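# Overview (structure and organization)
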Amino acid sequence: MKIFLSLILAFTFAFAQKVAVIDVEGMTCPLCTTAIKKSLKQIDGVSNAKVRLNTRQATVYFDEKVTKKQLLKAIEAVGYKGKIISIKTE
C-alpha cells in the first residue's frame, strides 16, 4: 500500500501544472495581446495562456519542463518586456 501511495504522489508531483503571472510592458491594443498569447502557446509545455490588456498581465499554464527564461523570451520575441510576478503549482 505504501508503494502505491508513493507512486501516486510521485506521479502527481511530476505532472503538476504551474501557473505564472507576468506583467507585460508596452501593450496598447488587442492585437498586442493576441501576439503575446500566440508566442507563449508555441512553447512546448505551455497548455494555455491568457493575456489581458486592462491589467497588462499574462497568465500562463505550463508544465515542469518550461523555464522562466523561455516565457520571458517568448514575450520579448514579439516586442514586449515581461516581468514574472508569481509562479504557483496547481
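Right above here is the structure, for reference.
Described below are features of the structure shown in this document. (Residues numbered from 1 in each chain as written. Predicted model: local features only at pLDDT ≥ 70, side-chain atom pairs only at ≥ 80, totals over all residues. Heavy atoms only, no water.)

### Things to note about the state of the cysteines
Inspection of every chain in the model, using the stated rule, returns zero disulfides. Of all cysteine sulfurs in the structure, the one in Cys-32 sits closest to Cys-29, which takes part in no disulfide; the separation is 3.6 Å. Assessed through its relative accessible area of 26%, Cys-29 is described here as partly exposed. Take Cys-32: its relative accessible area is 5%, and that puts it in the buried class. (Disulfide = S-S within 2.5 Å. Buried < 20%, exposed > 50% of the residue type's maximum accessible area, 1.4 Å probe, protein only.)

### Brief notes about helix H3 (residues 68-77)
All of the buried residues in H3 are Leu-71, Ala-74 and Ile-75. Viewed along the axis of H3, the buried residues span an arc of 95°, placing them on a single side of the element. More than 90 degrees from the buried face of H3, the exposed residues found are Lys-69, Lys-73 and Ala-77. Tucked into the core, H3 has its buried residues touching strand S1 (18-25), helix H2 (30-41), strand S2 (46-52), strand S3 (57-62) and strand S4 (81-89). (Helix = DSSP H or I, 4+ residues; strand = E, 2+ residues; numbered from the N terminus. Arc of directions from axis to C-beta. Contact = heavy atoms within 4.5 Å.)

### Concerning the side chain of Thr-33
Among the secondary structure elements, Thr-33 is positioned in helix H2. We classify Thr-33 as buried; its relative accessible area is 13%. Ignoring any residue separated from it by four or fewer positions in sequence, one finds Thr-33 in contact with Met-27, Val-51, Arg-52 and Leu-53.

### A look at the side chain of Ser-39
Here Ser-39 lies in helix H2. Setting aside its immediate chain neighbours within four residues, Ser-39 contacts Ala-74, Ala-77 and Val-78.

### Let's talk about the sheet that holds S3
What the four strands build is an open sheet, ordered S2-S3-S1-S4; its pairing is antiparallel. With one partner strand each, in any of the chains shown, S2 and S4 form the two edges of the open sheet. With strand direction ignored, the average angle separating the axes of adjacent strands in the sheet is 20°. Sheet topology places S2 next to S3; six bridges connect them, and they run antiparallel. (Pairing = 2+ DSSP bridges. Axes fitted to C-alpha atoms, helices over the stretch in contact; angles between N-to-C directions.)

### Considerations on the pattern of salt bridges
Pairing of side chains with opposite charge becomes possible as their charged atoms draw close. All told, the structure shown has one salt bridge when counted by the stated rule. A salt bridge links Asp-44 to Lys-65; the nearest nitrogen and oxygen atoms lie 3.4 Å apart. Here Asp-44 is found in the loop between H2 and S2, whereas its partner Lys-65 is found in the loop between S3 and H3, with 21 residues between them in sequence. Given a relative accessible area of 59%, Asp-44 falls into the exposed group. The exposure class of Lys-65 is partly exposed, given its relative accessible area of 47%. (Salt bridge = Lys/Arg side-chain N within 4 Å of Asp/Glu carboxyl O.)

From the geometry alone we can't say anything about function, so treat these as descriptive.
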